[in-house]
Amino acid sequence: MTPQYDHRAIEEKWMERWKEQGAYLSVQDPDRPKKYVLVMYPYPSGPAHMGHVANYSLGDVLVRYYWRTGYTVLNPMGYDAFGLPAENAAISEGSHPATWTRDNIELISLDLKRLGYAYDWSREISTCDPEYYRWTQWFFLKMYEMGLAYKGDAEANWCPSCGTVLANEQVLPDGSCERCRAVVQKKWLNQWFFKITQYADALLDDMELLEDWPERVLTMQRNWIGKSHGAQVDFTLESTGEIIRVYTTRPDTLYGVTFFLLAPEHPLVDRLVEGDAARREEVAAFRERVGGVSSFERTAQGAEKDGVFLGDYVVNPVNGERVPVYTANFVLIEYGTGAVMAVPAHDQRDFEFARKYDIPVRIVIQPPDGELSPDGMTEAYEATGTMVNSGDFDGIPSDLGFEDVCDLLESRGWGERAVNYRLRDWLVSRQRYWGAPIPIIYCDSCGTVPVPEEDLPVLLPEDLDVRRDGRSPLPLEKSFYEVECPRCGVEARRETDTMDTFVDSSWYYFRFVSPHDDDGPFDVEDAAYWMPVDQYIGGIEHAILHLMYSRFFTKVIYDLGLIDFKEPFSRLLCQGMIIMDGAKMSKSKGNVVTPGDYIDRLGADTLRLYILFLGPPELSKDWNDQGVEGARRFLSRVWRMVQERYVALLSQGEFASGVDEPRHRAMRSLTHRTIKNVTRDIEEFAFNTAVSFIMELVNGIYHYTSDGDVDRDVLGEAVEAAVNLLAPFTPFICEELWQALGKHGSVHQHPWPAFDEELARPEEITLVVQVNGKVRDRIAVPSDISEAEMEAKALACENARKFIALKEVRKVIVVPGKLVNIVV
RNA sequence: GCCGAAGUGGCGGAAUGGUAGACGCGCUGGUCUCAAAAACCAGUGGGGUUAGUCCCCGUGCCGGUUCGAGUCCGGCCUUCGGCACCA
């Protein structure tokens with residue numbers, strides 16, 4: 001053992017040795033329960049960053065802890081390796097997405113290895129590997145067979161200068177293209193979708209199974225799905241007599257309809273103004289304003305209401321009234337039916353529209369307190385109340401009226417109860433190169449033909465030039481798109497769109513259970529053994545998309561009959577961000593610190609320890625450079641503790657014996673209390689306080705060995721516990737110290753230390769004496785003191801007496817083992 | 001606007017309704033040294049003080065419940081995240 005803590009030598013040595021020993025391979029073991037711990041795999045855009053360290057260190061503590069408490073553990077790692085950044089980097093750096101991606105995988109995997117994470121590297125996967133995306137394509141085919149993948153028209157973000165569709169995330173808040181800053185347009189394109197809406201209710205209802213998910217994530221998903229209850233109502237167009245159906249969540253306000261709205265894209269709009277040149281022009285100008293160039297402003301906050309009267313009327317089924325039909329900017333074609341009954345008195349948007357275009361406002365709900373009048377209103381009244389101006393329903397509470405009106409609609413055939421969702425189908429096509437090709441062939445005579453399973457994978461040609469303008473080279477590559485129709489053999493054309501990378505990541509946790517399986521996406525029995533993931537860890541930024549897509553995929557896989565569970569992640573922990581000086585680390589702010597630098601200078605153990613000590617996992621954590629030095633100082637202190645305070649004493653043989661004496665007993669008590677506290681805190685993910693307790697133990701050992709006799713066994717127990725407890729946090733130094741303590745085998749395979757409840761209880765406690773709730777004295781007493789004795793001691797102590805003085809003691813409250821409050 | 005989280009020393013953060021500020025950073029003093037660094041030891045919320053194992057104040061603000069509130073309840077303020085015309 002060297003006198004100085006040499007992190008470089010230790011970490012290099014154990015990194016090599018663990019690798020040689022295959023120390024962290026996962027094995028199925030019928031004698032032990034299993035844990036599948038998974039931290040969201042990274043997108044390889046360069047070396048590891050601090051967010052990775054925070055996430056993966058957290059998972060690693062759990063894995064090492066589970067190992068030592070009797071579990072067999074699956075802890076894999078892989079790369080989310082398809083995606084747009086690779087293409088952009090390739091364009092700006094003149095490289096190739098494949099090269100760029102694989103180079104970055106090298107960089108980040110080296111960092112992950114240097115950080116000592118206990119992954120089973122034999123299970124490493126990359127989503128850009130044909131052996132992986134072959135099965136991504138297989139899932140697409142299954143979805144197609146099940147009717148869950150379909151091609152339909154969608155309004156997509158189109159960048160005219162890049163000539164491609166953009167994902168929503170690639171459009172900046174001002175509606176411009178992330179890469180070229182051109183104004184993004186909405187364009188109707190024929191695209192592939194996954195029918196996630198078919199699973200909307202399952203996604204909602206199965207949240208019951210997710211007891212160990214953060215409530216905020218469930219709330220976000222619930223809002224995203226946006227299920228609402230209401231009714232569909234049929235209005236009749238006056239001119240032609242045709243039915244226009246609307247969806248409303250407020251059938252109780254049906255008598256308050258004073259106008260009617262169509263989305264600008266609604267096909268009826270053109271027909272209504274067909275014969276009227278002036279109106280046609282008005283509509284054209286309106287469309288130019290709302291949809292033509294950028295529809296971002298239209299949906300931006302507080303946008304001005306805008307619309308055009310279409311010259312026609314509809315008839316309200318419940319009261320026979322005719323109301324004018326408008327088209328309006330705030331009506332969305334994709335939600336409900338694209339047509340809206342407008343009730344200005346009780347809907348804020350309708351209210352604003354009515355005021356602008358001078359449309360009457362009719363009150364049909366009166367609030368419980370006070371009376372509204374149409375002229376006096378400055379905003380819509382959207383809450384419940386008593387129905388008025390509503391025919392036979394007058395006087396009924398509106399929440400009951402909701403049901404009564406629905407009954408009326410259903411009995412007369414005017415409409416019916418209905419539910420609606422905000423969730424829309426998942427658009428999975430991307431006009432991109434660096435992604436998994438969609439396994440579809442278009443044939444002039446057979447139509448849309450899926451690629452036969454045995455022809456998978458549809459290989460993404462990796463020898464293509466990525467064009468400078470950012471467009472995918474696939475539609476220009478004859479050798480790629482020219483194929484024979486698998487059905488009739490004539491010349492056909494291959495789909496040249498690739499899949500959204502969220503498809504890749506929606507099932508990667510299944511692949512880990514059998515990463516080399518050639519017969520299917522995963523081995524059913526291996527999945528039955530390892531799945532579901534017991535503990536999933538990742539950033540809160542994936543609260544909706546990745547986590548919901550994965551839940552959707554799992555339900556599809558369930559319906560395919562491959563698994564018998566419906567939710568992939570039993571327990572979820574969402575990490576906060578690492579920030580610096582109050583801001584997210586980013587290159588533009590120049591406040592990026594790189595893990596690699598710290599590993600070199602201070603060691604991986606120091607970095608891991610510091611980042612775990614920084615604060616509770618779910619909150620964001622402020623990086624502080626001086627704090628890292630502190631973590632390093634602590635590890636040096638642990639190093640010297642073992643060397644100077646234990647190993648050196650052993651060789652000198654300077655020991656007393658006296659286990660039962662108070663100072664020895666106090667040391668043992670601290671040791672056992674620390675084991676208890678650290679164990680509990682790891683179970684609760686309170687890693688920052690777990691580290692604090694270990695620090696206190698180390699401080700205690702320094703005191704114990706500084707100021708009196710030392711018992712060999714008492715000291716040995718304490719030092720051993722410290723190394724044991726610290727091992728999941730800082731695996732390298734602890735493995736080295738374990739050897740220095742003369743132990744055989746790896747500390748990471750050593751059973752987790754047990755504690756003695758009796759010893760963990762301190763012999764002496766501090767009795768707090770309060771008078772009227774204010775602390776007046778503290779008395780050291782034995783921990784097994786009775787309540788009566790506590791009261792007696794409290795009443796007798798001088799400081800308390802001073803405050804009691806001549807007043808009468810009215811009440812004494814005794815909290816066993818803690819405090820006495822004297823009320824006067 | 002709606003939903004969610006959070007406001008505690010100079011800083012990161014601890015506190016099953018029961019000693020507010022554990023642990024760490026920083027700072028101050030001491031030991032060691034020719035000196036410095038490192039290390040070790042001690043101190044460190046603010047104010048007062050007869051200097052006492054003393055007193056007062058103190059967890060964003062205002063009220064309430066309780067013997068006792070950072071913690072529970074009601075009402076505000078601020079910050080951060082998510083969603084945002086979803087009928």
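Calculation notes
Residues numbered from 1 in each chain as written. Chains lettered and ligands numbered in written order. Predicted model: local features only at pLDDT ≥ 70, side-chain atom pairs only at ≥ 80, totals over all residues. Heavy atoms only, no water. Axes fitted to C-alpha atoms, helices over the stretch in contact; angles between N-to-C directions. Helix = DSSP H or I, 4+ residues; strand = E, 2+ residues; numbered from the N terminus. Parallel < 35°, antiparallel > 145°, perpendicular 65-115°, else oblique. Contact = heavy atoms within 4.5 Å. Nonpolar A, V, L, I, M, F, W, Y, C, P; charged D, E, K, R; others polar. Domains from an automatic or database assignment. Buried < 20%, exposed > 50% of the residue type's maximum accessible area, 1.4 Å probe, protein only. Arc of directions from axis to C-beta. Left-handed = near helix turned anticlockwise from the far one by under 90°. Phe/Tyr/Trp six-rings, centres within 6.5 Å; stacked < 30°, edge-to-face > 60°. Lys NZ or Arg CZ within 6 Å of the ring centre and 35° of its normal. Near = heavy atom within 4 Å. Polar contact = N/O pair within 3.5 Å; in protein donor to acceptor, adjacent residues only side chain to side chain. Patch = residues over 30% accessible without salt bridge, like charges linked within 9 Å, V, L, I, M, F, W, Y side chains within 5 Å. Areas by Shrake-Rupley, 256 points an atom, 1.4 Å probe, with all protein chains shown as cover. Salt bridge = Lys/Arg side-chain N within 4 Å of Asp/Glu carboxyl O. Lys, Arg positive; Asp, Glu negative; His and termini not counted. Charge placed at Lys NZ, Arg CZ, Asp CG, Glu CD.

Helix-helix packing: each pair is described by the crossing angle between the helix axes and the interaxial distance. As a packed pair, helix H19 (residues 625-652) and helix H23 (residues 731-740) sit with axes 11 Å apart at the nearest point and diverge in direction by 0 degrees. Our classification of the angle between H19 and H23 gives roughly parallel. Across the interface between the two elements, Leu-635, Val-638, Trp-639, Val-642 and Val-647 of H19 pack against Ile-733, Glu-736, Leu-737 and Ala-740 of H23. Grouping the constituent residues of the contact of H19 with H23 by class yields eight nonpolar, no polar and one charged.

We now examine the domain arrangement of chain A. As assigned here, chain A comprises domain 1 (140-195 + 426-499), domain 2 (228-420), domain 3 (625-760) and domain 4 (764-823). Its C-alpha centre places domain 3 at a distance of 35 Å from the equivalent point of domain 4.

The next thing to look at is helix H10 (residues 348-357). Of the residues making up H10, those classed as buried are Asp-350, Phe-351, Phe-353 and Ala-354. Projection of H10 onto a plane perpendicular to its axis shows the buried side chains occupying an angular sector of 165 degrees, all on one side. In this structure, the buried residues of H10 make contact with strand E10 (259-262), strand E11 (307-315), strand E12 (322-328) and strand E13 (339-342). Backbone geometry just after H10 places Asp-358 at a positive phi near 60 degrees.

In this structure, Pro-457 follows Leu-456 across a cis peptide bond, with omega equal to 0 degrees. The peptide bond linking Met-531 to Pro-532 adopts the cis configuration, its omega dihedral lying at -5 degrees. Topologically, Pro-532 is positioned in the loop between helix H15 (524-530) and strand E24 (535-539). The backbone of Asn-772 sits at a positive phi, close to 50 degrees, despite the residue not being glycine. Within the secondary structure, Asn-772 sits in the loop between strand E29 (764-771) and strand E30 (774-782).

Time to look at the packing of helix H20 (residues 662-683) against helix H21 (residues 687-706). Two elements in contact, H20 and H21, have axes separated by 8 Å at closest approach and are oriented at 165 degrees. One element, H20, and the other, H21, form an angle in the roughly antiparallel class. You can see that H20 and H21 cross each other, and the crossing is left-handed. Two secondary-structure elements touch here, H20 through Arg-663, His-664, Met-667, Leu-670, Thr-671, Thr-674, Asn-677, Val-678, Arg-680, Asp-681 and Ile-682 and H21 through Phe-687, Thr-689, Ala-690, Phe-693, Ile-694, Glu-696, Leu-697, Gly-700, Ile-701, His-703 and Tyr-704. Tallied by class, residues from the contact of H20 with H21 come to eleven nonpolar, seven polar and four charged.

For the rest of this paragraph, the subject is the packing of aromatic side chains. Taken as a whole and judged by the stated rule, the model has 57 aromatic pairs. The ring of Phe-330 is capped by Lys-305, whose NZ or CZ atom sits 5.4 Å from the centre of that ring. Of note, Arg-493 hangs over the ring of Tyr-481, and the distance from its end group to the ring centre comes to 4.0 Å.

What follows is about the protein's contact with RNA strand B. Around RNA strand B there are 54 residues in total, and Thr-249, Tyr-335, Arg-349, Arg-778 and Asn-821 lie nearest to it. Within 4 Å of the protein, the atoms of RNA strand B are drawn from sugar and phosphate moieties in a proportion of 64%. With respect to RNA strand B, the backbone of Leu-332 contributes an N or O atom lying 2.8 Å from a base nitrogen. Side-chain polar atom of Arg-778 to a base oxygen of RNA strand B: 2.5 Å apart, as the coordinates give it. If one sorts the elements of the surface near RNA strand B by residue count, H21 sits on top with seven residues.

We now examine a negative patch on the surface. Judged by side-chain charge, Asp-6, Glu-12, Glu-16 and Glu-20 come together as a negatively charged surface patch. Counting through the fold element by element, Glu-20 comes out in helix H1 (residues 7-21).

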